[in-house]
Amino acid sequence: MEDIKQYMGMRIEHHANVVDVGFTYGIPVALIKYDKESILDKTNYSIATDFYIDESHKLHYKKLQFFIGERKAKNEFSKLTNNAKELNVKFIGIDDWDRPVYKDKKGNLYKDVNLGRGIISLCTVCNDDFYGEPHIPIKDDVKINIVKSFNKDREAR
């Protein structure tokens, strides 16, 4: 697992700062504050999911949400990073490297890097592409449930 605390307070792309970092289901999340205020005289924020910052301080991310105003942004960040330690996934197939591929309720893809043998070891997938490379490992303290469907009365496998 990468050390995302290194990004705290980092200046990115010459117009924003990383205010806070955390994890949601083992995936890194950053709260970003922009320098310029919006037309509503409130500071703009965004939340970057599955992110990293390169050597030139450019932000790379899988998903970016924008917010006007500090309270709404911080509330959403808190919800994301204080989530339940449980991830429900559905098996959807095997990739070209014999890795089982799973999808969560939101459509995010995961791969079992243990090739379906022994204890499941899921990673996010680059670009959410079925044939993409495994990316960031899901933290060990997240309980992974393999389900047949995402209905309320699901059957765990």
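Coordinates for the structure precede this section.
These figures come from a predicted structure and were not determined experimentally.

Thoughts on the side chain of R99
- For R99, the location among the structural elements is in the loop between β8 (86–94) and β9 (100–104).
- Residue R99 is classed as buried on the basis of its relative accessible area, which comes to 10%.
- Among the polar contacts made by the side chain of R99, one reaches the side chain of D95 at a distance of 2.8 Å.
- Residue contacts for R99: discarding those within four places in its chain leaves G93, I94, K111, D112, L115, G132, E133 and P134.

Section: the pairing of strand β2 (residues 16–24)
- Pairing analysis gives two bridges linking strand β1 (residues 11–12) to β2, with the strands arranged antiparallel. Its bridge partner lying in β2, R11 is registered against N17.

So, the packing of aromatic side chains
- Inspection of every chain in the model, using the stated rule, returns three aromatic pairs.
- Between the aromatic rings of F130 and Y131, the centroid separation amounts to 4.9 Å while the plane-to-plane angle is 75°, which identifies the pairing as edge-to-face.

Some remarks on the pattern of salt bridges
- The tally for this structure, following the rule as stated, stands at five salt bridges.
- Among the salt bridges present, the one from D35 reaches R11, with a minimum N-O distance of 2.5 Å. Residue D35 is located in strand β3 (residues 27–37), and its partner R11 is located in strand β1; the two are separated by 24 residues in the primary sequence.
- According to the relative accessible area criterion, R11 is partly exposed, its value standing at 35%.
- Residues D128 and K62 are paired through a salt bridge, measuring 3.1 Å at the closest nitrogen-oxygen approach. Here D128 is found in the loop between β11 (122–125) and β12 (134–137), whereas its partner K62 is found in the loop between β6 (59–60) and β7 (63–68), with 66 residues between them in sequence.
- Note on K62: relative accessible area 32%, which makes it partly exposed.
- What you see here is one network of salt bridges that share partners, running through D95, R99 and K111.

Reading the values: rules and limits
Residues numbered from 1 in each chain as written. Predicted model: local features only at pLDDT ≥ 70, side-chain atom pairs only at ≥ 80, totals over all residues. Heavy atoms only, no water. Helix = DSSP H or I, 4+ residues; strand = E, 2+ residues; numbered from the N terminus. Buried < 20%, exposed > 50% of the residue type's maximum accessible area, 1.4 Å probe, protein only. Polar contact = N/O pair within 3.5 Å; in protein donor to acceptor, adjacent residues only side chain to side chain. Contact = heavy atoms within 4.5 Å. Pairing = 2+ DSSP bridges. Phe/Tyr/Trp six-rings, centres within 6.5 Å; stacked < 30°, edge-to-face > 60°. Salt bridge = Lys/Arg side-chain N within 4 Å of Asp/Glu carboxyl O.

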